[in-house]
Amino acid sequence: MRTGEIVAGALAPHPPHLVYADNPPQNEPTAECGWETLRWGYQRFRKDLADRDIDVIVVYTPHWQTYIGTHFLGVPHLQSVSVDPIFPNLFRFHYELDVDVRLAKDIHDRARDGGIVTKMMENPDFRVDYGTIVSCHLTRPEWDIPIVSISSNRSAAYYSIEVMQEQAAVIGRATRDAVLASGKKAVLLASNSLSHRHFTTEGELPEDMTREHIYHHGQYLWDMRLIELMREGRSRELIDIMPEFIEQAVSEADGGGLTWLISALDYPEYAAEIYAYGTVIGTGNVVAGWHPGRAAGVAQ
Amino acid sequence: MKMALIVPGLPHPLLCPERNEGWQRIRDGFAAAREELFAAKPDVLIIYSTMWPSIVGHQIQAHPNPEWVHVDELFHDLGSIPYRFCVDQAFAHAWCGAATARGLSAREVAYDGFPVDTGSVVALKLLTPENEIPACIVSSNIYSDRAESVVLAKAALDALEKEGKTAAAVVVSTLSNRLFTDFIEPGEDRIHSLKDDEWNRKILEFLADGRLEDVSQLSREIHRQVRVRKVVNFKPMWWLSGVMGGHNRFSGKVHAYEALHGAGGAVVTLTPSDAGVGDKEYDEEDVEVFGGDRGVLIAQGTPAAMPLPGAGAPPSAPARASVPATAPVTASPGGIIRTKTAPDPVGAYPHARRAGNLLFLSGIGPRTPGTNEVPGGPVRDAGGHQEEYDVAAQTRQVIENMSAVLAASGATLADLIDITVFLIDMERDFADFNAVYREHFEGIQATRTTIEIDALPTPIAVEFKAIAHLEPA
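Conventions and cut-offs
Numbering of residues starts from 1 in each chain and follows the order in which that chain's sequence is written. Whichever chain is written first is A, and whichever ligand is written first is 1; the rest continue in order. Where local features are concerned, this predicted model is filtered to residues with pLDDT of at least 70; where side-chain atom pairs are given and counted, the filter is 80 or more; whole-chain, interface and lining totals use all residues. Strands here mean DSSP runs of E at least two residues long; helices mean DSSP runs of H or I at least four residues long; both are numbered from the N terminus. Only the C-alpha atoms count toward the radius of gyration. The rule for a globule is 2.2 Å times the residue count to the power 0.38. Three classes are used. A residue is buried when 20 or more other C-beta atoms lie within 10 Å of its own, exposed when 12 or fewer do, and partly exposed in between, with C-beta atoms placed from the backbone. Throughout, a residue-residue contact means that the two C-beta atoms, derived from backbone geometry, are no farther apart than 7 Å. By definition, a nonpolar core groups buried Ala, Val, Leu, Ile, Met, Phe, Trp, Tyr and Cys residues that connect through C-beta atoms lying within 7 Å of each other. Only C-alpha atoms enter the line fits that serve as axes; for helices the fit covers just the stretch in contact. Angles between N-to-C directions range over 0 to 180 degrees. We call two directions roughly parallel when the angle between them is under 35 degrees, roughly antiparallel when it is over 145, roughly perpendicular when it lies between 65 and 115, and oblique otherwise. Whether a crossing is left-handed or right-handed is set by the direction in which the near helix is turned from the far one by less than a right angle, anticlockwise for left-handed and clockwise for right-handed. For this classification, the nonpolar set comprises Ala, Val, Leu, Ile, Met, Phe, Trp, Tyr, Cys and Pro, the charged set comprises Asp, Glu, Lys and Arg, and every other residue, Gly included, is treated as polar. Pairing between two strands is assigned when DSSP locates at least 2 bridges connecting them. What a helix should span is 1.5 Å times the count of its residues minus one.

1. Focus: the overall build of chain A
- Scanning chain A from terminus to terminus reveals 10 helices and 10 strands.
- The C-alpha atoms of chain A give 18 Å as radius of gyration, which agrees with the globular expectation for 300 residues (19 Å, within 12%).
- C-alpha atoms of chain A, sized along the principal axes, occupy 55 × 45 × 40 Å.
- Counting across all 300 residues of chain A, residues that qualify as buried make up 58%.
- In chain A, once contacts between residues fewer than 6 apart in sequence are set aside, the share between residues at least 24 apart is 82%.

Following this line, the structure appears as structure tokens:
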């Protein structure tokens, strides 16, 4: 059997606004425009993946919040409509997707063996969270590749950000080992924004870009600090600074996604490709990709 | 309000009560509460669910018949819950309007497939299994604090009055919310810690004595002591006490108190009664209108940049990277500001005009933008006959209109430095006007002059003229 490979990893934020503005046929509401910088960034990320063989997309989502352990989708095929409970006016998305249950189970088992509380989700009526759907759709709108979706155990709320990071790092290592052992080529997505303080009002026209900007200048500074570390391949420093970043920028990285990704990528010392940075209802979002093969000089 | 109920939203009593005697007792508690509820015969069941988070203000369920097969994102292995509920659309609409009128951001949601949260599903399935009473569900904004929660409650009362309906109010929340972080056998369930258990019992002692407002006043302390900090505060008791009138005069009954995977779940009913322990002094003040304690709620155009609590610059940030107190002003040539969010001027003048760092506002009255209706009633009818009017309501609308003009100028009420107030009847209106003024301007400390005049150009009793100081453009 061939050795598995992590083809790419990405910080792939999930604001439903981006899907809304893209107007895919699966989404009920339609938009005139909006958040182009981020959407074009996703476009460039997709272009970078276009000539790569990909067997599976593994996504770690902060919007499947499980306060008891980390859960994995364990139903082979799921079909429903995802209505965002927070922005239902923007996101009512009809999805149909395949799950790589075998890989999910292997990551689950390895994480469990690493001391993580884990559970497979096997209820066929389960509705997939919109974080998973948005990040996967923007990465692969064709929906022709099976996914693995990993929930976010909110240990930061129960214990501390440091505990969350430790646990996410273990799941990242389990993910890496499982992908390599599977012989599959995987793309990993950490579905979260950076700074995460929202505006609490919305314009009559959600895509009115005259209203869109970062909530607070301090958040912007923190986001740029993180991006600078990504651009310079200083991922261990990024992990070191993470607790303070999460606290100061009210970051959605508190769900563990970015830490999981960095761990699964084995703490890359090469530069991330920054595809885009933009704000969505005041939060800071970056589309950033790590391409291990490119860093190692492998012909692509 | 006929009565209040506090119920837990975890799905165990609904889906598998047979697995744990305590879960069954919670279910039995629901049944006992249901009997009281049916006897009270409310027209509508108003649910505040801590398990439905929102970001953009508060969302109010307005689909007439939400229908789905629900699966809890955490306890998915316990099974699926098919539901079809009956929602009081008219009340939802009235509540949304009333909330907006009181300064809140609110919207109705009426989408097929909208995910009703587990807590609301559990409460409705166990309290009105045959949809015997139409319901209305409101979300819990993750950023909202006491003022917003209390005003949201008062808006519900406004809506009830408008609709001429009675209601029962339901809070869906556990008391202590710390779950075990590992899976347990049903028989092993217990309250997570002795400390949580003691706090829960103290809360229930208060509630059994009918001391709802006392529990509300303790919300921040309860949050610190027994709540995992998923959100900014323990809000449901603020809302519940607000909607029940903000007092302690209830007859309380604790129907059940048990562990739900470590959290403290209780079924409690509260019925208005003069037999309660009564009221003394409260630490936290009552509040009628939400002025936007984060600033962003005021602005229609560019949200004001509010300092983020705890947010600072990263270690390498330049020292000068501070945040301006207000957003830059954008104005048309000549600094002229006109906006559709305030009532149209009655002459050839703009709403405001900027000169340097000063913004001069034209006289602003209480007409409602778009309709020109005067809240609280006009001072005279079309025939010129005097009418009874409410100067407090007019003053609120003046301040709302002034906020709109300031927002269109990139400013807020906090930027005002001088205000001139015109009243047509100082003796009759000054006290009521002054009380409303205090609610909004006590912390701003703009200078003020109040003048009695014979008349204003439209049938209104009050008008403000103001000057604001802005940051350099």
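And the narrative resumes.
2. Regarding the nonpolar core
- Val 148 and Val 287 of chain A together with Trp 95, Cys 136 and Val 170 of chain B are the most contacted members of the largest nonpolar core, which totals 178 residues.
- For this core, the leading source of residues is helix α5 (residues 146-163) of chain B, giving nine residues.
- In this view, Val 148 of chain A contacts Val 56, Val 58, Phe 72, Leu 73, Val 99, Asp 100, Leu 103, Ala 104 and Ile 107 of chain A; residues no more than four positions away in its chain are not counted.
- Formed by 35 residues, the second largest nonpolar core is a distinct cluster that contains Leu 359, Leu 361, Leu 406 and Leu 413 of chain B.

3. Here we look at the packing of helix α3 (residues 89-101) of chain B against α5 of chain B
Residue and element names in this part refer to chain B.
- Look at α3 against α5: their axes get within 8 Å of each other, and the N-to-C directions meet at 130°. The angle between α3 and α5 falls in the class oblique. As α3 runs across α5, the sense of the crossing is right-handed. Of the residues in α5, those touching α3 at Ala 90, Phe 91, Ala 94, Trp 95, Ala 98 and Ala 99 are Leu 152, Ala 155, Ala 156, Asp 158, Ala 159, Lys 162 and Glu 163.
- Class assignment for the residues of the contact of α3 with α5 results in 10 nonpolar, no polar and three charged.

4. Considerations on the pairing of strand β1 (residues 3-7) of chain B
Residues and elements named next belong to chain B.
- Counted residue by residue, β1 has five buried out of five residues, so it is predominantly covered.
- Burial of β1 is two-sided: the residues Met 3, Leu 5 and Val 7 facing one way and the residues Ala 4 and Ile 6 facing the other way are all buried.
- Two elements, β1 and strand β8 (residues 167-172), share five bridges in a ladder whose sense is parallel. Across the sheet, the residue bridging to Met 3 is Ala 168, located in β8.
- Relative to strand β10 (residues 263-272), β1 runs antiparallel, the two sharing three bridges. Its bridge partner lying in β10, Leu 5 is registered against Thr 269.

5. A closer look at the packing of helix α10 (residues 391-408) of chain B against helix α11 (residues 426-441) of chain B
Residue and element names in this part refer to chain B.
- Two elements in contact, α10 and α11, have axes separated by 8 Å at closest approach and are oriented at 35°. When the axes of α10 and α11 are compared, the crossing they make is right-handed. Side by side, α10 and α11 meet where Val 391, Ala 392, Thr 395, Arg 396 and Ile 399 of the first sit next to Asp 429, Asp 432, Phe 433, Ala 435, Val 436, Tyr 437 and His 440 of the second.
- Grouping the constituent residues of the contact of α10 with α11 by class yields seven nonpolar, two polar and three charged.

6. Let's talk about helix α2 (residues 36-49) of chain A
- In this model, α2 of chain A (14 residues) spans 20 Å end to end at C-alpha, consistent with the 20 Å of a helix rising 1.5 Å per residue.
- If you follow the buried residues of α2 of chain A, they end up packed against β1 (5-11), α1 (16-22), α4 (130-139), β9 (273-280) and β10 (283-290) of chain A.

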